[in-house]
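# Overview (structure and organization)
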There are 2 protein chains.
Amino acid sequence: MSQTPDSAVRTYIDQHRTAFLDDLAEWLRIPSVSAQPHHALDVRRSADWLAGKLKETGFPTAEVWQTPGAPAVYAEWPSDDPAAPTVLVYGHHDVQPAAREDGWDSEPFEPVVRDNRLYARGAADDKGQIFFHTLGVRAHLAATGRSVPAVHLKLLIEGEEESGSPHFRALVEEHAGRLAADAVIVSDTGMWSEDTPTVCTGMRGLAECEIRLYGPDQDIHSGSFGGAVPNPATAVARLVAALHDEQGRVAVPGFYDGVVELTDRERELFAELPFDEQRWLRTAKSHAAQGEAGYTTLERVWARPTAEVNGIGGGYQGAGSKTVIPASAMVKLSFRLVAGQDLDHIERIVRAWAADRLPAGIRHEIAFSPGTRPCLTPLDHPALQSVARAMGRAFGTTVRFTREGGSGPAADLQDVLGAPVLFLGISVPSDGWHAPNEKVELDLLLKGAETGAYLWGDLAANWRHAR
Amino acid sequence: MSQTPDSAVRTYIDQHRTAFLDDLAEWLRIPSVSAQPHHALDVRRSADWLAGKLKETGFPTAEVWQTPGAPAVYAEWPSDDPAAPTVLVYGHHDVQPAAREDGWDSEPFEPVVRDNRLYARGAADDKGQIFFHTLGVRAHLAATGRSVPAVHLKLLIEGEEESGSPHFRALVEEHAGRLAADAVIVSDTGMWSEDTPTVCTGMRGLAECEIRLYGPDQDIHSGSFGGAVPNPATAVARLVAALHDEQGRVAVPGFYDGVVELTDRERELFAELPFDEQRWLRTAKSHAAQGEAGYTTLERVWARPTAEVNGIGGGYQGAGSKTVIPASAMVKLSFRLVAGQDLDHIERIVRAWAADRLPAGIRHEIAFSPGTRPCLTPLDHPALQSVARAMGRAFGTTVRFTREGGSGPAADLQDVLGAPVLFLGISVPSDGWHAPNEKVELDLLLKGAETGAYLWGDLAANWRHAR
Ligand SMILES: [Zn+2]
Ligand SMILES: [Zn+2]
């Protein structure tokens, strides 16, 4: 009986599973915590380890790229088919801080398998999800008899994602020529659940600002002056209250300019997901669902732009009371953006809106942080179809579509390289990203490798060189 | 040429001015800072010193009253006229903290006279203004040939005013029988300016609360959940924004219930004061006048009730940004109240207003601090007329009327003793209460003594026993 390609892939993965997990465990033992300066050398060790392992895997090129912060790893493995598409896999090798005493049942940097789960910091976010590609591409070659991948394969694995990727965009711009790709595959997200494999089709963007309001030159007595001069704490509250209208829509004029609305098909697909609002509220640790009228909870977090207060402050916040009119107050706002919204436009309209609304006697300053653009790949994009098909083969079930409410540096790749961003992740919500006892489900990890193994051939067959 | 009583008072004051100032300086050397535990013994020394000095002055009774905190001083000197009114003078012998390095040109507890001003912590607030009564009552006796005052004179000088008078009300309630009076004279305020002597006719009351709002059980990610759950920082801002209407009026339903409106005569008198709004704004260190429509700045701070935010906070307030929906937020509100407003009513309506306005999913708690009632003496009250006449004789000019926007423990005396509160103060805005280089103008201090000297006879002559 001759092997079908699928069973050949599975056989390869089964045979190499132990070595693969041993290697991953070795990597997970390196505490590559980018946010903690005393781990800076570990982050470098992690980059070196990965570059070495990628060479062992077969990548003819695997380099460590220095940045002013932590190093990234770049690798490429060209196809022998010049017309094949070029795919850039993105992930990160740095991890969140972790300490046993935070509530871990075992040492966070001493990987351990319990109940077919691999527990370690970085198991799911993101080392495990990068590393399955090494097994996947080898399985792809073994099952197809190829000596090089069916696509031109590139990897860019950054080292500062958990620190806000401060040097990532500059790095991408610097190396834009070598990074050029037809599609970016981000393996740093998850899927709906163990039973419901999904492909994420986009992430929201992010604009953040801090607005500081200044009233009196110093805190003044609310008895002597109260009722007769503007209070910056009141002014900041009125500004925040004016952020939304009665329908829960963001009331900054021009905010929805250009917004790509959900298609009926997308709404149908979201609605088909086995969503349990009470369960979702428990995950959100919240006690009510509330948002823009006319949209479901999933639509609100995945596909609608928002304005949220991340912090507000002014005046006396200690115990007891203090009868002052505060000299200043501030608010930190973040705007999640969806496809079609422009960061510069958002900054401009927020500045105008705030300036218009503040009373005489209140001076203000607004500072915007560098923003993150939204990204969205249409459902009918051929590369997205390939990802969904490859995942469907690996999981043996229908693959559904989600989006991600958060924002990530992958958007920089989209911007600089002009390539669509696709998401291939096998993590599930219970994996505990950034939390104690982070883990990855071993079965899902190997399904990730299997998906990768199918993906390269599918892309090469169905999406000829697009650029 | 026989002496008129006025010149007899002046002669007495001139002759005893040096000894009076030496005594005051001795008292000012005692750093009776009630807010600083290491000065607790100094506050006791200050009380003992004052009780001793009141005995020397002639008060047959002068006692130190212990409290769970700092001691008060009580003294009484009955008249020989049983039908004379009983007057209780209120002040405080504790002072604000002070240190040379805060910006004092000389040691704060080493009194020094420069340019006919006495510089020391407590010179104006409040030791100087208590102490002028000792010279005043002696001048009254000397000029009238009496051996006891024309009124039944009582003094209650507390020791915790600068710490919020935490035990004052209980003390007054405990001794209500001995403190019984027809009028309370508060000597712990000021007047308009050197050239414009004024009598204050009331103080605003004060209700304070802290409202805490709780949303998610912990800070949650604004990317994953933003736009779909209620944010307590947004909710607190909406609450604050709803505090006032477009006219600058407090929008809590029922807030103005019972408010005693300004009379036309009071508004005329306020309007006659030489008020310079630009100069007032400099004092307020503010950059615009703003408040309830239809009222002047003076009316707003003296005679209108207000709602002010003293502090607001929630979420991330540090440097940079943090994409959270905060678990909680809070606001500290204070309401200045005018005559006719009831503390219990205010608490009730604010609780109802807040509960009505908060969205599902936001839990809240409101805590009210003990409040202070407003006090107001009508312009035609005979005792008020006596104070104005006595001050007019001392200053040789028309005396005008003001109010005080702040709130003070004198309201407790009004409540417990059922007596009107009158204000006799000679401090001016430049005296620097609670600030470095606090001082009192020596000429005004002696005019205060002179006012006291005239006041007791005027009251006895024009206001027979009223109870
Ligand atoms: Zn990650
Ligand atoms: Zn005082």
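Values in this document were obtained by computation on a predicted structure and should not be read as measured data.

## Considerations on the overall build of chain A
Looking only at helices and strands, chain A has 14 helices and 18 strands in total. Relative to a compact globule of 467 residues, whose C-alpha radius of gyration would be 23 Å, chain A shows 24 Å and is just as compact. Along the first, second and third principal axes, the C-alpha set of chain A runs to 90 × 50 × 45 Å. Among the 467 residues that make up chain A, the fraction classed as buried is 61%. Once local pairs closer than 6 in sequence are excluded, the contacts in chain A between residues at least 24 apart make up 80%. Element-wise, carbon and sulfur atoms account for 48% of the exposed surface of chain A, whose accessible area totals about 17300 Å². Distance from the positive charge centre (44 side chains) to the negative charge centre (63 side chains) of chain A: 1 Å.

## Regarding the interface of chain A and chain B
Between chain A and chain B, the contact holds 72 residues from the first and 72 residues from the second. When the two sides are added together, the surface that chain A and chain B hide from each other amounts to roughly 5300 Å², 52% of it contributed by carbon and sulfur. Remark: the boundary between chain A and chain B carries 0 salt bridges. On inspection of chain A and its partner chain B, the count reaches 37 residue pairs in polar contact (both at pLDDT 80 or more). Among the elements that line the side of chain A that touches chain B, the one with the most residues is strand β11 (residues 306-315) of chain A, at 9 residues. In terms of residue class, the side of chain A that touches chain B is made up of 27 nonpolar, 33 polar and 12 charged.

## Structural notes on the sheet that holds strand β1 (residues 61-65) of chain B
Residue and element names in this part refer to chain B. Read across the open sheet, the 6 strands follow the order β1-β2-β6-β3-β7-β17; overall the sheet is mixed. A single partner strand is all that each edge strand has here, and the edge strands are β1 and β17 (421-423). Ignoring strand direction, the axes of neighbouring strands in this sheet form an average angle of 20°.

## Brief notes about the domain arrangement of chain A
Residue and element names in this part refer to chain A. Split by domain assignment, chain A resolves into domain 1 (5-202 + 375-466) and domain 2 (205-259 + 305-368). With centres defined by C-alpha atoms, the gap from domain 1 to domain 2 works out at 39 Å. Each partner contributes to the interface: domain 1 provides 4 residues, whereas domain 2 provides 4 residues. Regarding the contact of domain 1 and domain 2, the summed buried area is about 280 Å², with carbon and sulfur atoms giving 52% of it.

## Here's the deal with the coordination of the zinc ion (ligand 1)
All names here are of chain A. Around the zinc ion (ligand 1), the protein contributes the donor atoms His92 (NE2), Asp125 (OD) and Asp188 (OD), which lie 1.9 to 2.3 Å from the metal centre. All donor residues of the zinc ion (ligand 1) come from one chain, and their arrangement in sequence is H-x32-D-x62-D. A residue pair is termed long-range when its members are at least 10 positions apart, and Asp125 in the loop between β5 (117-119) and α3 (127-144) and Asp188 in the loop between β7 (183-186) and β8 (198-203) qualify at 63 residues.

## Some remarks on the relation of the copies chain A and chain B
Of the transformation superimposing chain A on chain B, the axial component is 0.1 Å and the angular component is 180°, with the fit at an RMSD of 0.1 Å. Each copy turns onto its partner about a two-fold axis. Comparing interface residues between copies, 100% of those in chain A also lie at the interface in chain B; the contact surface is shared.

## Observations regarding the coordination of the zinc ion (ligand 2)
Residue and element names in this part refer to chain B. His92 (NE2), Asp125 (OD), Asp188 (OD) and Asp188 (OD) make up the full set of protein donors to the zinc ion (ligand 2), lying at 1.9 to 2.8 Å. What the 4 donor atoms of the zinc ion (ligand 2) show is an angle range of 50 to 149° at the metal, which sorts the shape as irregular. On the basis of relative accessibility, which here comes to 2%, the residue Asp125 falls in the buried class.

## A word on the side chain of A:Asp182
All names here are of chain A. Within the secondary structure, Asp182 sits in the loop between α5 (176-179) and β7. For Asp182, a relative accessible area of 3% corresponds to the buried category. One polar contact links the side chain of Asp182 to the main-chain amide nitrogen of Thr86, over a distance of 2.6 Å.

## Considerations on the environment of A:Leu269
Residues and elements named next belong to chain A. Tracing the chain through its elements places Leu269 in helix α8 (residues 264-272). For Leu269 and Phe401, which are 132 residues apart along the polypeptide, the C-alpha to C-alpha distance reads 6.8 Å. Apart from the residues lying within four places of it in its own chain, the contact partners of Leu269 are Leu379 and Phe401.

## Here we look at the packing of aromatic side chains
Inspection of every chain in the model, using the stated rule, returns 28 aromatic pairs over all chains. Here the aromatic rings of A:Phe225 and B:Trp280 are separated by 5.7 Å at their centres, their planes lie at 65°, and the arrangement is edge-to-face. Placement of A:Phe225 in helix α6 (residues 222-225) and of B:Trp280 in helix α9 (residues 277-283) is noted, with the two residues assigned to different chains. Its relative accessible area of 11% is what places A:Phe225 among the buried residues. A centroid spacing of 5.8 Å and a plane angle of 50° characterise the contact between A:Phe255 and A:Phe335, whose relative ring orientation is tilted.

## Some thoughts on unusual backbone geometry
For the bond from A:Asp125 to A:Asp126, the omega torsion is 10°, close enough to zero to count as cis. Structurally, A:Asp126 can be placed in the loop between β5 and α3. For A:Asn437, which is not glycine, the phi torsion reads 60° and is therefore positive. Classification of A:Asn437 as buried rests on a relative accessible area of 18%. One non-glycine residue, B:Ser165, lies in positive phi territory at about 50°. With respect to the helices and strands, the residue B:Ser165 is situated in the loop between β6 (152-158) and α4 (168-174). B:Ser165 gets classed as buried once you look at its relative accessible area, which sits at 11%.

Conventions and cut-offs
Residues numbered from 1 in each chain as written. Chains lettered and ligands numbered in written order. Predicted model: local features only at pLDDT ≥ 70, side-chain atom pairs only at ≥ 80, totals over all residues. Heavy atoms only, no water. Helix = DSSP H or I, 4+ residues; strand = E, 2+ residues; numbered from the N terminus. Rg over C-alpha atoms; globule rule 2.2 N^0.38 Å. Buried < 20%, exposed > 50% of the residue type's maximum accessible area, 1.4 Å probe, protein only. Contact = heavy atoms within 4.5 Å. Areas by Shrake-Rupley, 256 points an atom, 1.4 Å probe, with all protein chains shown as cover. Lys, Arg positive; Asp, Glu negative; His and termini not counted. Charge placed at Lys NZ, Arg CZ, Asp CG, Glu CD. Buried area = accessible area lost by both parts, 1.4 Å probe. Salt bridge = Lys/Arg side-chain N within 4 Å of Asp/Glu carboxyl O. Polar contact = N/O pair within 3.5 Å; in protein donor to acceptor, adjacent residues only side chain to side chain. Nonpolar A, V, L, I, M, F, W, Y, C, P; charged D, E, K, R; others polar. Pairing = 2+ DSSP bridges. Axes fitted to C-alpha atoms, helices over the stretch in contact; angles between N-to-C directions. Domains from an automatic or database assignment. Donors = N, O, S within 2.8 Å, 3.2 Å for Na, K, Ca; no water. Least-squares fit on C-alpha atoms with pLDDT ≥ 70 in both. Tetrahedral: all angles 85-135°; square planar, octahedral: opposite > 155°, others 65-115°. Phe/Tyr/Trp six-rings, centres within 6.5 Å; stacked < 30°, edge-to-face > 60°.

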